[in-house]
Amino acid sequence: MDVIVTGNRAELTKAREATGRGRYALVPTMGALHEGHRSLIRLAGEQADHVVVSVFVNPLQFGPNEDFSRYPRTFEADLAVCAEEGVRVVFAPAVADMYLPDRQVSVSAGAMGSVVEGAFRPEHFDGVLTVVLKLFNLVQPDVAVFGQKDAQQLALIRRMVADLDLPIEIVGGPTVREGDGLALSSRNRYLSADDRATALNLSRALRAGAVQRGPERIKDAARAVLETAARLDPPLLLDYLALVDPATFTEVAEDHRGEAILAVAAKVGTTRLIDNVVLTLG
Ligand code: PAF
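All figures in this text were calculated on a predicted structure; none of them were measured in a lab. (Residues numbered from 1 in each chain as written. Predicted model: local features only at pLDDT ≥ 70, side-chain atom pairs only at ≥ 80, totals over all residues. Heavy atoms only, no water.)

**Description of the site of the ligand**
Now for step 1: Every residue near the ligand is listed here: Pro 28, Thr 29, Met 30, Asn 58, Gln 61, Val 131, Phe 146, Asp 150 and Gln 153.
Now for step 2: Gln 61 places a side-chain nitrogen or oxygen 2.6 Å from an oxygen atom of the ligand.
Now for step 3: Taking Gln 153, its side chain carries an N or O atom lying 2.7 Å from an oxygen atom of the ligand.
Now for step 4: Protein chains bury 88% of the 290 Å² of accessible surface belonging to the ligand in isolation. (Near = heavy atom within 4 Å. Polar contact = N/O pair within 3.5 Å; in protein donor to acceptor, adjacent residues only side chain to side chain. Areas by Shrake-Rupley, 256 points an atom, 1.4 Å probe, with all protein chains shown as cover.)

Structure below.
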């Protein structure tokens, strides 16, 4: 069956009617689809009868000095990926289709949205949650799939679903990596060969931390890798390295038991990258 492509909410409703009954899964994306997105689409296909992929570069989640205007837009290639993966509907609205010019109300990510990644990207998570809630309302999926690579985003979406009683199941998909460990990201296409060599130290640092025991030793081992990478050309410019509780994104105490997320963000050249790994402590 052909993919139904629409940018318009009335057509989206018609596309759902044309597709028929059954369980719907939504995979929200900003396009520039890569193997990581393919794995989320496949996971969505295991959860539902029909998969809807949204492709929308959401201006609300970019800060004034961030890469909204240069964010990769590869719509034709994205459609080909969706067709290959058996996606039923691609919802690709324009900004004017999503947001009223006199828009007033938005979702607040609360305190959890202003720590770790949120401390470096004020209002980013408010923008993410606002668009995700709108996509949930427009598509009305039974289940929605998000990547673990954006761990704080995933945690906040789970929080929103719980706090606002949204009748949607949230499924997290594992981070997909290149053979040498680099986490797949639409922003990797900004990296030069030298940038990429430096960027590999994000995943190296996480691996160095993951084999240690206890929060301080885990962070020390990861920090040592990042400090060495800060002396490379181009240097790795660290924003944060944090070991946090997966549900709250607050730093874990030295006696923490159970899951924790070791998360890192850094700039390499003009590209800001994030990565994380889930650890079990104690
Ligand atoms: O993870 C992303 O690509 C975006 O933050 C999302 C969830 C599609 C919202 O714009």
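**Side note on the packing of aromatic side chains**
Now for step 1: Under the criterion given, the structure shown has five aromatic pairs.
Now for step 2: The interplanar angle of 65 degrees and the centroid separation of 5.4 Å between the aromatic rings of Phe 62 and Phe 68 together place this pair among those described as edge-to-face.
Now for step 3: Judged by relative accessible area, Phe 68 falls into the partly exposed class, the value being 26%.
Now for step 4: Centroid distance Phe 120 to Tyr 240: 5.6 Å. Interplanar angle 40 degrees. Geometry classified as tilted. With Phe 120 in helix H5 (residues 117-120) and Tyr 240 in strand S7 (residues 236-244), this residue pair connects regions lying 120 residues apart in the sequence.
Now for step 5: Since its relative accessible area comes to 38%, Phe 120 is described here as partly exposed.
Now for step 6: Three or more aromatic residues joined by ring pairs form one cluster here, namely Phe 62, Phe 68 and Tyr 71.
Now for step 7: Positioned above the aromatic ring of Tyr 190, the side-chain terminus of Arg 70 is 3.9 Å from the ring centre.
Now for step 8: In this structure, Arg 103 packs its charged tip against the face of Tyr 99, placed 5.4 Å from the ring centre. (Phe/Tyr/Trp six-rings, centres within 6.5 Å; stacked < 30°, edge-to-face > 60°. Buried < 20%, exposed > 50% of the residue type's maximum accessible area, 1.4 Å probe, protein only. Helix = DSSP H or I, 4+ residues; strand = E, 2+ residues; numbered from the N terminus. Lys NZ or Arg CZ within 6 Å of the ring centre and 35° of its normal.)

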